[in-house]
Structures are given as structure tokens and as C-alpha cells.
Amino acid sequence: MSEELLSVELIREALNTKFIGRPVLYYPTVSSTMDAAKMAVLDGVTEGTVIVADHQTAGRGRLGREWVSPPGSNLTFSIILYPKLEHLPRLTLVACLAIARSIEEVTFLETSIKWPNDVQIGGRKVSGVLVESDVTGDKVNSAIVGIAVNVNLDTGAIPEIADIATSLERELGVPVPRLAILAALLGEFEKVYKDMRKGEPVQLEWKQRLTTLGQKVTVRCGDVVRKGVAEDVDDDGNLLLRLPNKKLEVISAGDVTLKG
Ligand code: BTN
């Protein structure tokens, strides 16, 4: 497929939302949509403002990693929110659920969620979420939910990620319109975010979609490494890891690898 162009007008017309993506800002190239979102917050933008970029020159992932995505192939965007403090820990799970649902709606591919922030297809990562927030005391000044979806990237042709990452095109064998995924995803995000704010138990569907539970895992966060059984998750999305000494550890961030 020739490169599918995105623009503010096209995105606006495709959206079926009340406040997520209203307004939407689009950058052909930006350092990172997280930084552009932070600037937009300083300008006083409303909740739900979305910043989409075709290409990021300094995209970032979790735990200080770089996020590289070639222009014209994938989705990279950030959603600006002003949530209550109690809702902040759930934003990653809200985003993962919206991503999983929207991919299934548009492509009929089966997705799963790997704790804490990956959406996978067939055990390979297709999407990741990064949440950055600015909090003073018990007030959340802003929370920025960054989302990347591998839509048409040929991950199979990149040896370093061929085994661990996939894309919708790779799975389906045909290119997938980025606009359709973006519109469905922002629509699902709005639904799940509203439900979460109303106190509905959105974490239950998220938990059902998790592949991590019941597995022997190693969790790494910086220099800290924990091994145990991923026994459960709590309502805020923390992982409850049963350690070999039988203690239960609550883990809020890290990278999980299965022990086989
Ligand atoms: C991860 O899996 O580590 C999370 C990746 C998040 C990448 C997205 S792309 C849009 C937004 N802008 C960034 O610089 N990062 C996030």
C-alpha cells in the first residue's frame, strides 16, 4: 500500500467520540508526542486532546528505553488527561484494554495483554503504553498516555525484533489503514476511561485478557530482579508476585519474562 497520509481533518472526520481526540493535533515530525503533549498542557488544552505524530525523532518507551518507529507505517500518539489521583494507576490498564478491543474490532485478530503495558498477538508485542504524569500532593496536574501501535511495520524484516514484535499487517498479510485503528482505539479509550471514572470494574476484562497470571516469571525493574509466580493483580493493576519464601510482593512496574 502506498503510505497512508494522516491529517487533522481526516482524523477529525473518522472520530466518533465526544472528548477524546477533540481537539486532535497532528505533527508530520516531532521529537516525541509526550513532549508535544507537555507543551500543550502548558497552553491549557482541554482533557482528551490528542497529539498524533507520523514520525518521532526521540520517541521513548518505558524504563528509559528508546522507541523507534519509521514514518508512514505505524501509530504514535499521546492523550492528555486530567484524572483524579485515585484513577492515575489505572490509566495503563484502560489504554491496554482500549487497544486490545479496537484491534479486535477492526481486524478480528485475537489479542492478549502482557503485564503491565504490552498488547500482544500470538505472543509478540504489537503495541505499548507509556504513562507520564505530573502530580503535586494529591492533585494530578496532568497525565499523558502515550500509545504506539505497530500497524504496517514489517517487524519480520528487522532481525533484532522479528521474534518479539509483530504488526497488524504482518499478522493479516495485508496493509491495515492506520486511521481505522486510531478512530476505533480513541473510541474505545473514551468508553473505558468513562466507565473507569464511574467506578465500573473495567479491570476485570483487563485481567481476563492478561496472559501473565499463573505463570512462573522473572520481573526486572532497573537493578531489582524478582522471581516468583504471577499470582494475581489488584484493582489498580499492580502485579501480586508470590515469592519463593511464600511472601506476596506488590509490584507496580517492571519487565516480565516467563520462566518457561
Ligand atoms: C513501551 O512499550 O515501552 C511503551 C512505548 C510507548 C511509545 C509511545 S509512541 C507515542 C508516545 N511518544 C513517545 O515518545 N512514546 C510514546
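Computed from a predicted model, the values in this text were never measured in an experiment.

## Structural notes on the site of the ligand
Neighbouring the ligand are 20 residues, the closest being Ser32, Gln56, Arg60, Arg62 and Lys125. Interatomic distance of 2.7 Å between a side-chain N/O atom of Ser32 and an oxygen atom of the ligand. Interatomic distance of 2.5 Å between a side-chain N/O atom of Lys125 and an oxygen atom of the ligand. Calculation on the ligand without its partners gives an accessible area of 420 Å², and the protein chains cover 98% of this total. For the ligand, the cavity whose grid points lie within 2 Å of the majority of its atoms is the largest pocket. If one sorts the elements of the shell around the ligand by residue count, strand β6 (residues 124-136) sits on top with 4 residues. When grouped by side-chain class, the residues that make up the shell around the ligand number 7 nonpolar, 10 polar and 3 charged.

## Quick notes on the nonpolar core
Counting 61 residues, the largest nonpolar core has Phe77, Ile79, Ile147, Leu168 and Phe189 as the members making the most contacts within it. Filtering out sequence-adjacent residues up to four positions away, Ile79 remains in contact with Ile20, Gly48, Thr49, Val50, Ala143, Ile144, Val145, Ile147, Leu186 and Phe189. If you look at the next biggest cluster of nonpolar residues, it comprises 11 residues, including Ala37, Ala40, Ile80 and Ile144.

## Brief notes about the domain arrangement of the protein chain
When the domains of the protein chain are assigned, the result is domain 1 (8-208) and domain 2 (212-258). Between the C-alpha centres of domain 1 and domain 2 the distance comes to 24 Å. Every contact between the two is made by 14 residues of domain 1 and, on the other side, 17 residues of domain 2. Overall, the association of domain 1 and domain 2 removes approximately 1,200 Å² of surface from exposure, summing both partners, and the carbon and sulfur fraction of that is 51%. Together, Leu63, Trp115 and Lys207 form the three largest contributors to the area buried by domain 1 at its contact with domain 2, with a combined 49%.

## Some points on the pairing of strand β10 (residues 239-242)
Bridge count for strand β9 (residues 224-233) against β10 is 4 bridges, and the pairing is antiparallel. Among the inter-strand pairings, Asp232 is bridged to a residue of β10, identified as Leu240. Between the end of β9 and the start of β10, which pair antiparallel, lie 5 residues, with Gly237 showing a positive phi angle near 90°. The sheet contact formed by β10 and strand β11 (residues 248-251) spans 4 bridges and is antiparallel. Pairing of Leu240 across the sheet is with Val250, part of β11. What sits between the antiparallel neighbours β10 and β11 is a turn of 5 residues, in which Lys246 has the positive phi angle 80°.

## Observations concerning the side chain of Ser142
By secondary structure assignment, the location of Ser142 is in strand β7 (residues 139-149). What makes Ser142 buried here is its relative accessible area of 7%. Not counting chain neighbours up to four residues away, the residues in contact with Ser142 comprise Val41, Leu81, Tyr82, Glu132, Ser133 and Asp134.

## A short note on the state of the cysteines
As enumerated under the stated definition, the model contains 0 disulfides in all. No disulfide involves Cys96; its sulfur sits 16 Å from the nearest other cysteine sulfur, which is in Cys221. Assessed through its relative accessible area of 31%, Cys221 is described here as partly exposed.

## Comments concerning the sheet that holds strand β8 (residues 216-221)
Hydrogen bonds between backbone atoms are what pair the strands of a sheet, whose relative direction is either parallel or antiparallel. Reading across the sheet, the 5 strands line up as β11-β10-β9-β8-β12 and stay open at both edges, with antiparallel pairing between neighbours. Strand pairing shows two members of the sheet lacking a second neighbour, β11 and β12 (255-258), which therefore form its edges. The average angle at which neighbouring strand axes cross in this sheet is 45°, direction not considered. In this structure, β8 lies alongside β12, joined through 4 bridges in antiparallel fashion.

## Quick notes on the pattern of salt bridges
For side chains of opposite charge, pairing can occur when their charged atoms come near one another. Tallied over the entire structure, the rule returns 20 salt bridges. Residues Arg197 and Glu47 are paired through a salt bridge, measuring 2.9 Å at the closest nitrogen-oxygen approach. With Arg197 in helix α5 (residues 178-198) and Glu47 in the loop between α2 (33-42) and β2 (50-56), this pair connects stretches of sequence that are 150 residues apart. The shortest N-O distance in the salt bridge between Glu205 and Arg209 comes to 3.1 Å. Here Arg209 and Glu205 lie together in helix α6 (residues 202-209), a separation of 4 residues that amounts to about one turn.

Basis of the calculations
- Residues numbered from 1 in each chain as written.
- Predicted model: local features only at pLDDT ≥ 70, side-chain atom pairs only at ≥ 80, totals over all residues.
- Heavy atoms only, no water.
- Near = heavy atom within 4 Å.
- Polar contact = N/O pair within 3.5 Å; in protein donor to acceptor, adjacent residues only side chain to side chain.
- Areas by Shrake-Rupley, 256 points an atom, 1.4 Å probe, with all protein chains shown as cover.
- 1 Å grid on protein atoms, 1.4 Å probe; cavity = no way out; pocket = protein on both sides within 12 Å on 5 of 7 lines; lining within 4 Å.
- Sits in = over half its atoms within 2 Å of the grid points.
- Helix = DSSP H or I, 4+ residues; strand = E, 2+ residues; numbered from the N terminus.
- Nonpolar A, V, L, I, M, F, W, Y, C, P; charged D, E, K, R; others polar.
- Core = buried A, V, L, I, M, F, W, Y, C linked by side-chain atoms within 4.5 Å.
- Buried < 20%, exposed > 50% of the residue type's maximum accessible area, 1.4 Å probe, protein only.
- Contact = heavy atoms within 4.5 Å.
- Domains from an automatic or database assignment.
- Buried area = accessible area lost by both parts, 1.4 Å probe.
- Pairing = 2+ DSSP bridges.
- Disulfide = S-S within 2.5 Å.
- Axes fitted to C-alpha atoms, helices over the stretch in contact; angles between N-to-C directions.
- Salt bridge = Lys/Arg side-chain N within 4 Å of Asp/Glu carboxyl O.

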